[in-house]
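# Fold and geometry: a report
Okay, here's what each chain looks like letter by letter:
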Amino acid sequence: MIGPLERLVRPLLRALEPEDAHALTLRMLKFAPPLGAVRDDRRLAIRAFGLNFPNPVGMAAGFDKNAEVPDVLLRLGFGFAEVGTITPRPQPGNPRPRVFRLQADEGVINRLGFNSQGADVVLRRLAARTNAGGIVGVNVGANKDAPDRVADYVRLIERFAAVASYVTVNISSPNTPGLRALQQAAALDDLLARVVDARERVAPHAGPTPVLLKIAPDLSLAELDDVVGIARSRRVDGMIVGNTTLVRPPSLRDTNTAKEVGGLSGHPLFPLATRMLAETYVRVEGVFPLIGVGGIDSGAAALAKFRAGAGLIQLYSALVFRGLGLLGEIKAALIAAVDRDRLDSLNELAGADAAAVTAEPWPR
Ligand SMILES: Cc1cc2nc3c(=O)[nH]c(=O)nc-3n(C[C@H](O)[C@H](O)[C@H](O)COP(=O)(O)O)c2cc1C
């Protein structure tokens, strides 16, 4: 039912200002009649971070910032939904307009700046669904005006551990001034030490909560060495590679919109994000799994992400241009790959091409 309905409303959504289109999409999902859940093919099942994913394709952070529709997303067929970024106190984010479509490039630029309804509201929503099942990750960030940003992360982990399947420490948004500085070695070591300590402290009542680190694709390789070294020594459970980029590839066609300040996502992000994923994979040496994100817009792109090093994937921007049919297309391509290569599990694909990808010329 969703397919034909979506085809009807897509032209309307495209005609709306991007943030209005997003708000309308959320409302439609929220008030849609209850859907029968999609049952996934067993060949798509993946175990990672101690969790059983029915399929490895997740909704990336930023779509459902305030946890309004995680269960609808799961019923639509996502293997997991990451809500957030959530900040401790509510904050409005940057002035509008702050989301831009690069139509010709199938890209998006956003400078939302962590608009969030805040932890209290979101926690109440998530607490109300704790028995609903399904994998719902919670992506956390610091308030723009926080006097101690690390304390914001610690507080959010303490509060959300009990309702989150996993928690993502997001230090890679380009739209909160200074946030990405938390990726620098000394700051990151302190942050992860305190975050993991908070997780351990609440574990007796909250249960085990995997902690993932989401990084920017704009790190230098020397910075990536440090980040992976610290993530390993502080024993995070995984990394998400990665967030939006400040780079504007020379191939962009919508050169006017490309001048907007903010993070670029979607199709033009794919080469850089996939290269950084492979670079991360070879440094992690299988110690923990990676979630590959950035520019996945087809079954082939999804497969390339696995082969570059992903154990799981997430997407967002391509849904704007391709619609929800993309999810089914990706799952079909993954099942076909399992059959073609006679794999026991998609896990066997992860990183198969990582070394080759890191040997290519740097993507532009
Ligand atoms: C409008 C928009 C809002 C986003 N908000 C967040 C966010 O709050 N937290 C976060 O970690 N990533 C956020 N992202 C980044 C996505 O989660 C993802 O990492 C990035 O868009 C690359 O994937 P894609 O090319 O499939 O969109 C946002 C992306 C977009 C387009």
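Here is a short report on the structure shown in this document. (Residues numbered from 1 in each chain as written. Predicted model: local features only at pLDDT ≥ 70, side-chain atom pairs only at ≥ 80, totals over all residues. Heavy atoms only, no water.)

### Topic: the packing of helix H4 (residues 119-127) against helix H5 (residues 149-160)
Where H4 meets H5, the closest approach of the two axes is 11 Å, and the angle between their N-to-C directions is 25 degrees. The angle between the axes of H4 and H5 places the two elements in the roughly parallel class. Relative to H5, the crossing made by H4 is right-handed. Residues Ala-119, Asp-120, Val-122, Leu-123 and Leu-126 of H4 form the contact with H5, whose participating residues are Leu-156, Arg-159 and Phe-160. (Axes fitted to C-alpha atoms, helices over the stretch in contact; angles between N-to-C directions. Helix = DSSP H or I, 4+ residues; strand = E, 2+ residues; numbered from the N terminus. Parallel < 35°, antiparallel > 145°, perpendicular 65-115°, else oblique. Left-handed = near helix turned anticlockwise from the far one by under 90°. Contact = heavy atoms within 4.5 Å.)

### Details of the sheet that holds strand E3 (residues 57-59)
Strand order in the closed barrel formed by 8 strands is E3-E4-E7-E8-E9-E10-E12-E13, and the pairing between neighbours is parallel. With direction set aside, neighbouring strand axes in the sheet form an average angle of 25 degrees. Sheet analysis places strand E12 (residues 290-293) next to strand E13 (residues 312-315), joined by 3 bridges and oriented parallel. Bridge pairing in E13 links Gly-292 to Ile-313. Contacting strand E8 (166-170) and strand E9 (211-215), helix H6 (residues 185-206) crosses the sheet at an angle of about 155 degrees to E9. Docked against the sheet, helix H8 (residues 270-284) engages E9, strand E10 (238-241) and E12, running at close to 170 degrees with respect to E12. (Pairing = 2+ DSSP bridges.)

### Describing unusual backbone geometry
A cis amide bond, omega -5 degrees, links Arg-96 with the succeeding residue Pro-97. One non-glycine residue with positive phi stands out, namely Arg-235, at about 60 degrees. Summarising the element assignment, Arg-235 is placed in the loop between helix H7 (221-233) and E10. Exposure remark for Arg-235: the relative accessible area of 65% places this residue in the exposed category. (Buried < 20%, exposed > 50% of the residue type's maximum accessible area, 1.4 Å probe, protein only.)

### With respect to the sheet that holds strand E11 (residues 263-266)
Read from one edge of the open sheet, 3 strands run E5-E6-E11, paired in antiparallel fashion. Either end of the sheet is taken by a strand with one partner, and the two such strands are strand E5 (99-102) and E11. The mean inter-strand angle of the sheet, taken between neighbouring strand axes irrespective of direction, is 25 degrees. As judged from the 4 bridges shared by strand E6 (residues 107-110) and E11, these two strands associate in the antiparallel manner. By the bridge assignment for E11, Asn-110 is matched with Gly-263.

### Overview of H7
Between the first and last C-alpha of H7 there are 18 Å, a value that for 13 residues agrees with the 18 Å anticipated at 1.5 Å per step. Looking at the buried positions of H7, the neighbouring elements they touch are H6, E9, E10 and H8. Once H7 finishes, Arg-235 follows within two positions and takes phi at roughly 60 degrees, a positive value. (Expected span 1.5 Å × (residues − 1).)

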